[in-house]
Every structure is written in C-alpha cells, then in structure tokens.
Amino acid sequence: MPPRPPPPVSSPPAPRLSPSAARAAEQHCLRLLALSSTLTSLLQSVAFLLKSGLHSNPLVLTRLFAASASAAPALLQPLVAALLRPSVPLDAFLVNTLIRAHATSPIPSVRLRAASFFPLMLRGAVVPNKFTFPFLLKACAALPGSPAVGLQAHAAALKFGFATDEYVSNTLIHMYSCFGSGFLGEARNVFDRMPKECAVTWSAMIGGYVRGGMSSDAIELFREMQATGVRADEVTVIGVLAAATDLGALELARWVRRFVDREGIGKSVTLCNALIDTLAKCGDVDGAVAVFEGMEQRSVVSWTSVIDALAMEGRGKEAVHVFEEMKVAGVRPDDVAFIGVLTACSHAGMVDEGCGYFDAMKMEYGIEPKIEHYGCMVDMFGRAGMVERAMEFVRTMPMQPNPIIWRSLVSACRAHGRLELGESITRSLFNEYPAHEANYVMLSNVFALTQRWKEKSEIRREMSKRGIKKVPGCSVVELDGEIHEFIAGDESHPQYKEIYRMVEEMARELRRIGHIAATSEVLLDLDEEDKEGALQWHSEKLAIAFALLRTPPGTQIRVVKNLRVCSDCHAAIKCISQVYHREIVVRDRSRFHRFKDGSCSCKDFW
C-alpha cells in the first residue's frame, strides 16, 4: 500500500485537555459512534471527533471506520484518507477493522482495497492475530484474477502460526474455491489436514465444490459428512441444494426436503427459497409451490422464485396469477420480479400481457427497465413469430442491444424462416465480437440451413484455428441416487450396447406410428438417410433409452440437458411418451418440457 496521504485540508489544532477531560471526550465520542446508524448521525460524530482532538485516538478511529462501513459506505474511503495519518499509532484491532470494513463494503472499488491494509500492518511492526487472517483471506477471495495475493496471504498465515486455526482454515478453503476449479486441489488439501468436528468446515468444502462446478463431488462429500456423524446446518443444506440444482437431481432434492424436516433444521426464509429454487429447477414445480405455501414469512425472492418456476414450465397464466397475488399481499415487485413475469409471458405466448407489465414497470412502479427486461420483450416477440416487431423494438431501445438480444433475434429468424435476416445479424455479431464462440456456431448453422457447405467448412476451419469448440450436447439422468451422463454418439457408458439397441427399437416404433425425422436439424452435408441416423443418437434420446431400460413401466422419466432441445427431439419425445406410456420431463437450458400422451406442456410454443 502507498504511504498514507495527508488530509486534503488541514485539521484544526487539537485542544489541550486534561487526562480526565480527554477520557470523557473519548467515551462520549464512542457512545455517539455506537448510535451512528445514518449518514447525518455519523457526520455529527465526526464533527465531535474533530472538535475534541481525537484525530490520533486508535480506538475512536476504529469505531469510526466500522460505523462508516455500515452507515455510510461511500464515506469510508474519504475518512480513511483524511484521518489515517502517520501519527496514528496502529494496532491489530484498527487494521483488522480496516480490512473487514473494506472487504464487506457494497462498493466494488472499496472491496478491492481491503487486502492493501495488510502490508501497512507489517510495515508498522504490528503483529497479526487470529482475527486478521479470516478478514484478509475473504478480501483476497474477492480479488478478480489475483490468486498470487491469496497465496501470499496463506504464506503469511503459515509464518505467523495461524494457518491451522479452524476459522483461518475454513476461510482458506473458501478463498481457494473462489479462485476457480484449478485451485480446488489446494482447498481440498487444507480440508484434509483439518479436524472435521463442525459443520462449518464441511460446508466450506461442499460450497467450494459447487462453486467450482464439481457438484457430484459436493454430494459425495456430504454423504461422507453424514457417515462421520457431523450434524448438517442450514449452510450445508443450501450447498447440497445448489449441487442438486446443478445436476437436476430431483430425488436428492426431495430427500433433502425430508432431511430438513427430520433433522429439525430451522426453515429460514433463505433455506425455503433455496428449496423452492432447487425443486423447481429439478422439475417438481408443484413441490416448489407447496414449500412456498407452507412458509410463514415470505420475501420478494420467495414470490419471484415461484413465478420463475411456473414460467420455466410454460405455466404463464399461473405465474401471472402469483405475481398479482404478490401485489395484493403488499409485497412490492422489484426489477427481478418483473423479469420473472415477463419471462412467463414470453414462454406462454402472452404478448399483450407482457407488453402491459413492461409498461407498468415505469408508469406504476418507477422502475427503469434494464437490458434484461428489453431482452425478455425481444424474446417474447421472437417466440410469437413477430420478428419485424422484435426488430423495431430493438431499434427503439434507449441503450445498445447486447449480443444476447441479437442472438435471441437470430433464433427467432431461424425458427420462423427468416434466414437472410438471421444471417445479416449474425455477420454483424461476428464482425463485432470475433472471439465469441457462439457467433461462429450461429453463422455455421445459418450456412448449413441454406446448404452452403463450403462457407460452413470455412467457418469450422477458422474455429479450429482459433481453438474454438462447440459445446457438445449432454444429457443427465438420475436413477437410484446415481447420476448418468450421456453425450451424442458416446459409447463410454457400461451399458451402451443395450442402450443403442433400445434407441433403434424406439426409432422403429416411431416410424411405425408415422413419425418423420426433422432432418433439417442436422447441419451436416449428409444424405437424408444419414441425417436421420445422426438425429437418432442425440444425447437426450440415449438418456431416455437408458431410463426405459432401467425403470418399471409407467415410471416418470426426467432428463436434464445442457443445451436447447432440438425440434426433432421435441417431436420424437412426444411420440415416445405416447408409444411407451411414460411421462417424460426434459429440462433444457431455458425451460421445462413435460411430455405426456403425445403432447408437451409447452404446447409447441418454445
């Protein structure tokens, strides 16, 4: 950290007070600071501090900086710059407060300065204590792309003998997991060397695995935690729910709900909101609604989570009804709630209702629409086939449309046969964002749809040259507590031969009832027969075939896919649900499809 700057204006000379008067002034100032919960009261405390000559009192400054962090975050840095002078005697309490106040600030630029106070402590020959490193390591965790600072902080904790402290170790696990999946090995090394007698330690590592995209490892660690007899707390449960959400593991989510009841874990609003979110994203929207209806207290997040859940399954009218109930209950909708209700209108084709809510945001609630709200409207018009209206809406936006909005328009153009317009938009995106893989994929797909195979090959070669790879389609099925993953054409599953035979049987049954494969979805230069074969091995069909083999007749099948379901698979799964008398729920990257008796809950509006 650079030398502490002097105050921008000269401070008034400190009045000479007797020791007893100085002590009384100090105590009065501390009482004022304890009551400083607003900007006005904090400024009054600062005025008294300056008038009483308490500029160099480390205890008073410590309380001042702590009060500023909570009552007036924007004032923290100016106060530090003005009052933290070389004449102030430093102690661990003061520096710890500075690190913590900056690390917990709602202002991003302030948070980035938190770790810079630790070198100040060392230069001032102040010895850190066990409270220093949890604050410091949390500050390091928030530094973008700077694991080197965190590694230095870990080295300092080792040097001063605090690395084995339980709180320091837990924060180390958190810090390393925040640095990305590449540092989860370091987090696990810390975890493995620790005594594991409390839930906090397990929760830190479980949360780290989830944060690093290793949700299966998180669940495995939770099972190990249960085997050791350590009782899970709310934080543990929320971490496991996040893992279940990531994997689409409905049975696990339902088990966690029962576990919470059995173990008597307090159902806070936060935990209930997590349960609603997980059950909904795993496909049990009715279960999510049941949790919501059983809540004694609800936040706007609770209402929004249910609206989002209904929207994802295409139950637009129900989502709108919940939104209206929220208003009747006196809960003021925020900008996130409006994203939920606009998404519901988009997925259900409720264009007029969506336009009404968009207008109400500003007119009735004074909420200025953000880029996300404009994106919902473009998506809504595009899904409804109103491509020209979507284009006009984009032209009149008060801000520049982002690539997501343009890609939404391209998808609408492709779905409704406006390929020339889609190509024009994609080329513009390609020129403006040449490093984004999605733009290459979209342009390649446009060329394939118009059978311009040479141009498609050139784009693919350019992608290969730049090291850009298309994300492969991946589908996941949960059976008997195990997660089974399938990739198109993959033969890695132990039962792949049986699965492939089942896929061929499914194809014969679909042809028997008149299903014709949508070969336009195969963006390869193949003859029609080969295209039909390529469609046959899509990941969701492999997953469904596996579930048909492994579950009794009539059992519901649930599949989670990382990409959007293609139109051929959508049509095929409708037929599969009819032929095999199964309800099949597919969660793709944007919504749920519930197939039953040859139809889908989205009513083919997707």
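The structure we're discussing is the one just above.
Reading the values: rules and limits
- Residues numbered from 1 in each chain as written.
- Predicted model: local features only at pLDDT ≥ 70, side-chain atom pairs only at ≥ 80, totals over all residues.
- Heavy atoms only, no water.
- Helix = DSSP H or I, 4+ residues; strand = E, 2+ residues; numbered from the N terminus.
- Buried < 20%, exposed > 50% of the residue type's maximum accessible area, 1.4 Å probe, protein only.
- Contact = heavy atoms within 4.5 Å.
- Pairing = 2+ DSSP bridges.
- Axes fitted to C-alpha atoms, helices over the stretch in contact; angles between N-to-C directions.
- Parallel < 35°, antiparallel > 145°, perpendicular 65-115°, else oblique.
- Left-handed = near helix turned anticlockwise from the far one by under 90°.
- Nonpolar A, V, L, I, M, F, W, Y, C, P; charged D, E, K, R; others polar.
- Salt bridge = Lys/Arg side-chain N within 4 Å of Asp/Glu carboxyl O.
- Lys, Arg positive; Asp, Glu negative; His and termini not counted.
- Polar contact = N/O pair within 3.5 Å; in protein donor to acceptor, adjacent residues only side chain to side chain.
- Right-handed = clockwise from strand over helix to strand, strands pointing away.

Caption draft 1: Summary view of the overall build of the chain. The secondary structure content of the chain amounts to 31 helices and six strands. Residues classed as buried in the chain amount to 50% of the 606 residues present. Put simply, 64% of the contacts in the chain that link residues at least 6 apart link residues at least 24 apart.

Caption draft 2: Inspection of the sheet that holds strand S5 (residues 592–596) at higher detail. Taken in spatial order, the six strands of this open sheet run S2-S1-S3-S4-S5-S6, and their pairing is mixed. The two strands at the open ends of the sheet, each matched to only one other strand, are strand S2 (482–487) and strand S6 (599–600). Here four bridges tie strand S3 (residues 557–561) to strand S4 (residues 584–587), and the two strands are oriented parallel to one another. From the neighbouring strand, Val-560 faces S4, where its bridge partner is Arg-587. On the sheet, helix H31 (residues 567–579) packs against S4, S5 and S6 and is oriented at approximately 40° with respect to S5.

Caption draft 3: A look at the pairing of strand S1 (residues 474–479). Across the six residues that make up S1, a large majority, six, are buried. Burial along S1 is two-sided: Cys-474, Val-476 and Glu-478 and Ser-475, Val-477 and Leu-479, pointing in opposite directions, are all buried. In the sheet, S1 pairs with S2 via six bridges, with the strands oriented antiparallel. When the bridges of S2 are listed, Ser-475 appears paired with Phe-486.

Caption draft 4: Representation of the packing of helix H12 (residues 199–211) against helix H14 (residues 234–247) within the structure. Where H12 contacts H14, the axes come no closer than 9 Å and their chain directions differ by 20°. In terms of orientation, H12 and H14 fall into the roughly parallel class. As H12 packs across H14, the resulting crossing turns out to be left-handed. Across the interface between the two elements, Ala-199, Ser-203, Ile-206 and Val-210 of H12 pack against Val-235, Thr-236, Gly-239, Val-240, Ala-242 and Ala-243 of H14. By residue class, the composition of the contact of H12 with H14 is seven nonpolar, three polar and no charged.

Caption draft 5: How the structure looks around the packing of helix H1 (residues 19–34) against helix H2 (residues 39–51). At a minimum axis separation of 9 Å, H1 and H2 run at an interaxial angle of 170°. Taken together, the axis directions place H1 and H2 in an arrangement best described as roughly antiparallel. Our pair here, H1 against H2, has a crossing hand that is left-handed. From H1, Ala-25, His-28, Cys-29, Leu-32 and Leu-33 reach across to H2, where they touch Leu-42, Ser-45, Phe-48 and Leu-49.

Caption draft 6: Layout of the pattern of salt bridges. For the structure on display, the rule yields 20 salt bridges. With a closest N to O distance of 3.4 Å, Glu-251 and Arg-254 form a salt bridge. Note that Glu-251 and Arg-254 are positioned in helix H15 (residues 250–263) at a spacing of three residues, about one turn of the helix. Residue classification places Glu-251 among the partly exposed residues on the basis of a relative accessible area of 43%. Residue classification places Arg-254 among the partly exposed positions, given a relative accessible area of 27%. Ionic contacts of the salt-bridge type, sharing partners, join the residues Asp-286, Glu-313, Arg-315, Glu-318, Glu-583 and Arg-594 into one network.

Caption draft 7: Expanded view of the side chain of Asp-165. Here Asp-165 is to be found in the loop between helix H9 (147–159) and helix H10 (166–178). Although Asp-165 is buried, it forms no salt bridge, and the closest oppositely charged side chain is Lys-130 at an N-O distance of 5.2 Å. Side-chain polar atoms of Asp-165 contact the backbone nitrogen of Tyr-167, separated by 3.0 Å.

Caption draft 8: Geometry of the pairing of S4. Neither face of S4 is open: one carries Ile-584 and Val-586, the other Val-585 and Arg-587, and all of them are buried. Since S3 and S4 lie parallel, the crossover through H31 that links them has a hand, and here it is right-handed. Relative to S5, S4 runs antiparallel, the two being bridged by four bridges. Across the sheet, residue Arg-587 finds its bridge partner in S5, namely Phe-592. Counting the residues that bridge the hairpin from S4 to S5 gives four residues.

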